[in-house]
Amino acid sequence: MNGMRRADDIVISMKGVSTRFGEQVVHDQINLEIRRAEVFALIGGSGSGKSTLLREMIMLQQPNAGSISVLGVDLARISDEAALALRRRWGVLFQHGGLFGSLTVSENIGLPLREHSRLASPLIDELAAAKIAMVGLKPNVGAQFPSELSGGMLKRASLARALALDPELLFLDEPTAGLDPLSADGVDELVLQLRDLLGLTVVMITHDLDLLWQVADRVAVLAAGKVQGIGSMRELSEMDNPAIRQFFDGPRGRSAAQQQSISKSRGEHLKNKEGSQQEPRRINQIGDI
Amino acid sequence: MQAAAIAQAHEHDIVLSGSWTALRLGDITSQATVISLPSKAAAVADASAIEALDTTGAWLLQKLLLRLQHNGSTISLRGLRPEFTRLMDAVTAQMGAQSAATHGADARPFPRLTHIGQHALNAIGQGIALLGFIGETTLAMAGCLRHPRRLRWRPVLYNIRSAGFDALPIVGVLSFLLGVVVAYQGSAQLRQYGANIFVADLVGLSMLREFAPLITAIIIAGRSGSAYAAQIGTMAVTEEIDAMRTLGLVPQEVLVLPKLIALVIALPLLTVFSDILGVWGGMLMASTQLEVGFAEFIDRLTKTVSISSYLVGIGKAPIFALIIACIGCFQGFRTKGGADSVGQQTTRSVVQSIFLVIVADALLSIAFSALDL
């Protein structure tokens, strides 16, 4: 059992992944490992191929070379059935929500349950209401259509849909882009809460430096088709690579880092971080089952 | 991994096992309904065999426990793995909050009446909005008449081509077939009386007065009215219309007037084309079925079909054009939300404009007959 757990500790592994669009090389031999119950962030400038890498992890796109395995399943030689089973084990939050405009929020959230489980309809409505509350939305949002929601509410509703089947793995594409700072803070906390409660592994793409400092356990910097550096923000901040430095040297980078040290000295965040460091061990067991 | 299961070993002893996750719950709800406790009993639910638990499973479990406690019994959950207790607690708290919230809200007393009332209000609201739209468009038109330079001629010409010229083939084919059908259906009756030559009256009057303007308007409503609604609707969804307003452009002037003017010019021309093709179809049929030659047919046609009949037919076309362009653009502007709404409004624009075209045709027929035209 113990040995199995060790092998299971790597949720996503990418080996020698290369992607080209025509002549343009997007990824050049990328190797990555994402561990269970960590919050992993991918960063990089526009066009550095982070979204493409995410799309390759969730089987929306195939790399030209290399292998990707998610939750122990190799994506290159996957059967349709295995792909369906795998898709039920992860949730994806798209950058623009991806909620279906013809369904209410509650129907959107209930959709995965309706499609994949044999639960009764009233029960699914109840569960959808519970998910709505879980992501911090008011109950009346359930009856509204996605077009009636604000940007922040849309992200939360979309997160609730991603969580409908209690996935082991959660992919977030720009979870805080286009949100006001207050809502963005809310998303930070939400991600941490959910990770602690459900033992999720979170993979996200973000430009939000605060989110990176406050939430991410490990961060990979993507530039020029390669992973330039990988580690916690603190570790990355000590590296000299210019592709990494740009995230720390600008005025925004400095202020985000400063905020981090302030909250650390207050001790609030320290507690939070330590808690989350221990959490993965404990939650491993849930994931194992 | 086993599917979730419930067993009642003894009256006071419930054993829960398997994985309580959304995908593996199976028929747990039907299993759960069988379980019942004697009133005021103190029971134990053994959860040590639960291998996995997610929000859905915890929710169902908590519902089961609450139901069993309903008749005054107490039930304690034992042996739940420590890693599940946090989730269970969170779900329990959430369920408490949710049931408190649902108790507060009550349904409206007469759902059907409410429904009818809502529909009536919507219809009235739409009528008022349409009036408002027509008013705005008229104002924009007046503005353009006062400052003719503000009118955009290029889109007008473009729309004449796309709504008029490009529609020539379909309008021509359908009008021709309509003329053929009218002459063919009439020929059987006319032959009985030996009144073969009256086929010219039949085809001429029915095509020029009624069928040509109507079929043209219906084709254009389906072809261009829907395109207007879809184009403006998509622009509304992507905030292009709002952008236009903030840039100081009047959407009516940029989007509606060119279409309106183009259609008012193109539809009468298309109707003339339809007249010609329709009469030609009838004429072909007359010569093959009724032995009425082309020369005879045209001679009779010019004698019986007055110029006023011809003008009445063409005169309707601009009115139909106004209806089609107004409804198409209006429904486009009413689009709110997403892709779904674009589809709805487009459908609505076609249905309403065809409906209104036929109603207008009926009213005009009454008016013209009252005027002895």
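Residues numbered from 1 in each chain as written. Chains lettered and ligands numbered in written order. Predicted model: local features only at pLDDT ≥ 70, side-chain atom pairs only at ≥ 80, totals over all residues.

1. Considerations on the sheet that holds strand S4 (residues 65-70) of chain A
Residues and elements named next belong to chain A.
Moving on, step 1. With antiparallel pairing, four strands are arranged side by side in an open sheet as S2-S1-S4-S5. Two strands close off the open sheet at either side, each with one partner strand: strand S2 (24-35) and strand S5 (73-74).
Moving on, step 2. As defined by bridge partners, S4 adjoins S5 across two bridges and the pair is classed as antiparallel. Residue pairing across strands places Val70 opposite Val73, the latter belonging to S5. (Pairing = 2+ DSSP bridges. Helix = DSSP H or I, 4+ residues; strand = E, 2+ residues; numbered from the N terminus.)

2. Points about helix H7 (residues 199-237) of chain B
Moving on, step 1. With 39 residues, H7 of chain B should reach 57 Å at 1.5 Å per residue; the first-to-last C-alpha distance of 52 Å fits that figure.
Moving on, step 2. Bending of H7 of chain B peaks at approximately 55 degrees at the position of Met207 of chain B. (Expected span 1.5 Å × (residues − 1). Bend = angle between axes of the 7 residues up to and from the residue.)

3. With respect to the packing of H7 of chain B against helix H11 (residues 307-333) of chain B
Residues and elements named next belong to chain B.
Moving on, step 1. Between H7 and H11, whose axes approach to 8 Å, the crossing angle comes to 15 degrees. Taken together, the axis directions place H7 and H11 in an arrangement best described as roughly parallel. As for how H7 packs across H11, the hand of that crossing is right-handed. (Axes fitted to C-alpha atoms, helices over the stretch in contact; angles between N-to-C directions. Parallel < 35°, antiparallel > 145°, perpendicular 65-115°, else oblique. Left-handed = near helix turned anticlockwise from the far one by under 90°.)

4. Some details on the sheet that holds strand S3 (residues 42-53) of chain B
Residues and elements named next belong to chain B.
Moving on, step 1. Pairing within the open sheet is mixed, and its four strands lie in the order S1-S2-S3-S4. The two strands at the open ends of the sheet, each matched to only one other strand, are strand S1 (5-10) and strand S4 (74-78). Each strand axis lies, on average, 20 degrees off the axis of its neighbour in the sheet, ignoring direction.
Moving on, step 2. By the bridge criterion, five bridges tie S1 to strand S2 (residues 13-20) in an arrangement that is antiparallel. Considered in S2, the bridge of His10 is made with Asp13.

5. Quick notes on the interface of chain B and chain A
Moving on, step 1. On the side of chain A, 26 residues touch chain B, which itself brings 26 residues to the contact.
Moving on, step 2. Broken down by secondary-structure element, the contributors of at least two residues to the side of chain B that touches chain A are S3, helix H2 (55-68), helix H3 (82-104) and helix H12 (339-370) of chain B.
Moving on, step 3. Counting residues per element, the side of chain B that touches chain A draws most heavily on H3 of chain B, at eight residues.
Moving on, step 4. When its residues are assigned to classes, the side of chain B that touches chain A shows 10 nonpolar, 10 polar and six charged. (Contact = placed C-beta atoms within 7 Å. Nonpolar A, V, L, I, M, F, W, Y, C, P; charged D, E, K, R; others polar.)

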